[in-house]
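# A look at the structure
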Amino acid sequence: MKKFITILITICALTSCNQSNQVEVPSLREVCIDSCGTFRYADDGSEAVFFGTNYTAPFAYAYRALKRQNCNIYNVIDNDVYQMARLGFNAYRIHLWDVELSDSAGNLLDNEHLALLDYLMMRLTERGIYTIITLQTNFGNGYPEPNQKTDGYSYRFDKHHVHSDTAAIACQHKYATALMQHRNAFTGRQWATDANIVGFEVNNEPSHTATTEKVLDYINGMVATMRDAGCTRPIFYNMSHNGHLRDTYFKANVDGVTAQWYPTGLVTGHTRCGNCLPSVDEYPDEFSKYEGSANKARIVYEFDPGDMLGSYLYPATVRSFRSAGFGWITQFAYDPTPLAPYNTEYQTHYLNLAYTPAKAISAAIAAQAMREIPMHYKSADYPADTTFGHTTVSYKQDLSLFNSDSIYMYSNNTDIQPINANKLTKIVGHGNSPIIQYNGSGAYFLDKIDDGVWRLEVMPDHELTADPFVKSSESKTVNYVRNRFERIHITLPNLGSNFYIKCTDNNSEAYHCTGDSVDVMPYSYILYSSTKQFDNKWLTAKIGNISANEYAYIPDTHEKIAFAHTAPTFASKSTDIRISCIADESVDSVVAMPSYVSMWRDDNEQVTLHKTAPNHFAGNLPQKWFWGNEATYYLTTYSKGAARTYPDNVEGSPIYWQSEARNKFNISLLTIGDYIPLIQNAATDNDIEVFALPYYSGLREMRHKNLINRADYLELSISTKQPTRYFVRKFVGDIMNEVKAINNGRNMVRIYANTKGINTLNFSVVDRDGITYTKAIKPTSGYVDVDLNSLQQTHTAILPIGYPDFVPKYFNTSIRKCLNISDIDIIEISTDELTDTQAAVEISGVVLLSKK
């Protein structure tokens, strides 16, 4: 079995669909909009709901980066669209880079970008995925690189005037006409009447500076031009931007409006931690109050909880969108698979089935939830709204779960039993569950073909070795995939403990599995009960919009896996310390050595870390190595006898006489009576974030370091005219979890702070439920002590500030609860709301200690 599958993966699975000039692609069911603004299928009037993604391989940075990798972009599209279909997506949206599709006069260019887009749309239609096309972006094609100069008309005009300048508008009319009259090069269908296109958005995030009358004339003029060019599909306009014009947007001759949501802000520069469910608890209905809104469809053209790796947010976001009356929801953006190892396309977003399997399964669950959550759904207050319909989300378990009679989906390990294992027809998983235990780190899919017959699809393992949301680079790999054998244990009543497995290539022999388990490589397989005889028709069975014998092969990331070490920040002096690391397959062993090793000693000690999984090693640092307040050590990898020492990543063992290993790994050691630094030095702590609500104006952040006569400190220099609150925040959930065993009554914090121009600050904590507890403080003597048990529940500031401008700034819940100190996730120091104020806040540190 292993030998066959290895040959198959190497020879057969690399093949991809070939593009052709004309193909016969069935039309999807036509979608229309009813008098209440609801998407409906034209044939039977049932509601049509859509969930999917944005994806930009034909354009801009993605196109250039794929070219630099010598990728066949048509094949990349084949595989990525397959993944989207595998996730159950049925919606795709793209904003066209008009600077790559037009000349300076607005003429449409017949070039590779357009051909790739046509090809993509053809492949999407084959997979049952509908499209919304935004005609123009009116900005450059560079991000994250500098703009690449083209002859496109938008480069002639400023973004803020492109919709009011007469010459610019003329270019847009010519361009829009050409797009409507364009025929897809692969299907022959004219865009203007293609039923697979749900509709067109006039432009992406416009920046209007003209009068309301001229804005209305612009919108209606563009709509009229598109209609005159033969467009019979719905036309939409963006209402997230230029909030003062929303009344105008609803008066326009459009069929619907588009909106966005970035509930956790954008481009934080690191992975955002803490419970963000309060941030997605409500998307306000900003529409119904406007005249003309009742019959207009509502579309989410882009959304994403930016800088998040957690797998619990997508379904909750969909729930809030459905409550606000949306029928189309598309995430931004799906990473083209060859670019996913680096996350260079959009640093703040990261979604790909192979490289972010837990998030991808969460998105698949969101797609499933979208199909059952009714329009204008009303849920209970958070945290009571974490279960809705058959969907459950959990921050504490980092879990999205869909659990119905026939469908069982989970984004991470769960011990929740399926409602009825006998009736299951679909299982989508990542991690372990009561019915599937899988040793790999990739996603897997099981689909029932017949009684006692299932299709199994297994994705590659992935290894994340660095934060994907820091500034990215094509030369810096942060995530890797590997195709390798992993054991899967399957407990399905109608499959039994004795079953056969056969590769869908159909050239392989069936392999008899006993004991419910088998080693599998990433690929697709037919599993069938020992009471069955293999039937070739199973190979051509349709599973949604894919065939049972399909598989989109993803090659191993070609770079060696970078060494990555995980250790606690704090540990007890009285116990051994557990550490772990990730290393490349070429590494035979990893050893830890205390920092005092030397070639001159005869008593050097070392600990060999044990291999816990492919690429993973773990072991205990012995307590006898420690003294003082710090554990310091080296880690050395061995590959065929060759040593390499970390953290300096230098050749040789630290004992070697020419070793250049200078730095060490450090863990702070604590005893029962020690204080625990939550903020050791505010001036150098890069995990501290500073915010202002509701505006960013009037704030200057300064970090004063290496001072002689006083402790380093972080200064907020405030000069505000409008009502504003200022916040200093730090996620400390990892610290609180590490010190839980030795906390022993530490129930007080000492805040080292000073104020100028104001007398009072607020010290707050946010717990793992996202609920805030607070107390007013007056740091008059350079520090103030606060008993954590004296904090009172209050509303939670939603930080970072989300987009668009009408989303809530604070979260409140009717549920009242007491603070559990061990559940503290975030510490926060804030001002009251200030107006016409000149002030300064100076913070040096925050420590957790025992009450006197």
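A few points on the structure. (Residues numbered from 1 in each chain as written. Predicted model: local features only at pLDDT ≥ 70, side-chain atom pairs only at ≥ 80, totals over all residues. Heavy atoms only, no water.)

### Examining the sheet that holds strand E6 (residues 197-201)
For the record, the criterion: In short, DSSP must find at least two bridges between two strands for them to pair. Only DSSP runs of H or I with at least four residues qualify as helices, and only runs of E with at least two residues qualify as strands; both kinds are numbered from the N terminus onward. Only the stretch in contact is used when fitting a helix axis, every axis being a line fitted to C-alpha atoms; angles between N-to-C directions are given from 0 to 180 degrees. Any pair of residues with heavy atoms lying within 4.5 Å of one another is described as a contacting pair.
Strand order in the closed barrel formed by eight strands is E3-E4-E5-E6-E7-E8-E9-E10, and the pairing between neighbours is parallel. Averaged over neighbouring strand pairs, the angle between their axes works out to 25 degrees when direction is ignored. Examined bridge by bridge, strand E3 (residues 50-54) and strand E10 (residues 328-331) share four bridges and lie parallel to one another. Opposite Phe-50, over in E10, you have Trp-328 as the bridge partner. Sheet strands touched by helix H8 (residues 314-323): E3, strand E8 (256-261), strand E9 (297-303) and E10. Its angle to E9, the strand with the most contacts, is close to 155 degrees. In the packing of helix H9 (residues 357-372) onto the sheet, the strands contacted are E3 and E10, and the crossing angle to E3 comes to about 150 degrees.

### Topic: helix H5 (residues 166-181)
Quick note on the threshold: Expected helix span is taken as 1.5 Å per residue step, with the number of steps being one fewer than the number of residues. Type-normalised accessible area, obtained with a 1.4 Å probe on protein chains alone, sets the label of each residue: buried when under 20%, exposed when over 50%, and partly exposed for intermediate values. Working definition: the arc comes from the directions between the helix axis and the C-beta atoms, pointing outward to the latter. Nitrogen and oxygen atoms within 3.5 Å of one another constitute a polar contact, given that in protein one can donate a hydrogen and the other can accept it, and given that sequence-neighbouring residues count only through two side-chain atoms.
Over its 16 residues, H5 runs 23 Å from end to end, which matches the ideal 22 Å to within 8%, given 1.5 Å per residue. Of all the residues in H5, the buried ones are Ala-168, Ile-169, Cys-171, Gln-172, Tyr-175, Ala-176, Leu-179 and Met-180. Viewed along the axis of H5, the buried residues span an arc of 165 degrees, placing them on a single side of the element. Tucked inside the fold, the buried residues of H5 contact E6 and helix H6 (212-228). A distance of 2.9 Å separates the backbone nitrogen of Ala-167 from a side-chain oxygen at the start of H5, and that oxygen is part of Asp-165.

### Regarding unusual backbone geometry
The linkage connecting Tyr-143 with the following residue, Pro-144, adopts the cis geometry, with an omega of 5 degrees. Along the chain, the position of Pro-144 falls in the loop between strand E5 (130-134) and H5. Looking along the chain, the bond that leaves Tyr-803 and enters Pro-804 is cis, with omega of 5 degrees. Relative to the helices and strands, Pro-804 resides in the loop between strand E48 (796-797) and strand E49 (810-811). A positive phi angle, near 55 degrees, is found at Val-267, a position not held by glycine. Its place among the elements puts Val-267 in the loop between E8 and E9. Unusually for a residue other than glycine, Asn-649 sits at a positive phi of about 55 degrees. On the secondary structure map, Asn-649 appears in the loop between strand E35 (642-646) and strand E36 (650-651).

### What about the side chain of Lys-296?
Put simply, the rule reads: Charged residues are defined here as Lys and Arg on the positive side and Asp and Glu on the negative side; His and the ends of the chain fall outside this count. A pairing counts as a salt bridge when a side-chain nitrogen of Lys or Arg comes within 4 Å of a carboxyl oxygen of Asp or Glu.
For Lys-296, the position within the fold is in the loop between E8 and E9. With no salt bridge to any partner, buried Lys-296 finds its closest opposite charge in Asp-255, at an N-O distance of 7.5 Å. Of the polar contacts made by the side chain of Lys-296, one reaches the backbone oxygen of Phe-250; its length is 3.2 Å. Apart from the residues within four sequence positions on either side, Lys-296 is in contact with Gly-37, Tyr-249, Phe-250, Ala-252, Val-254, Asp-255, Gly-256 and Val-257.

Honestly, it's all geometry; don't read function into it.
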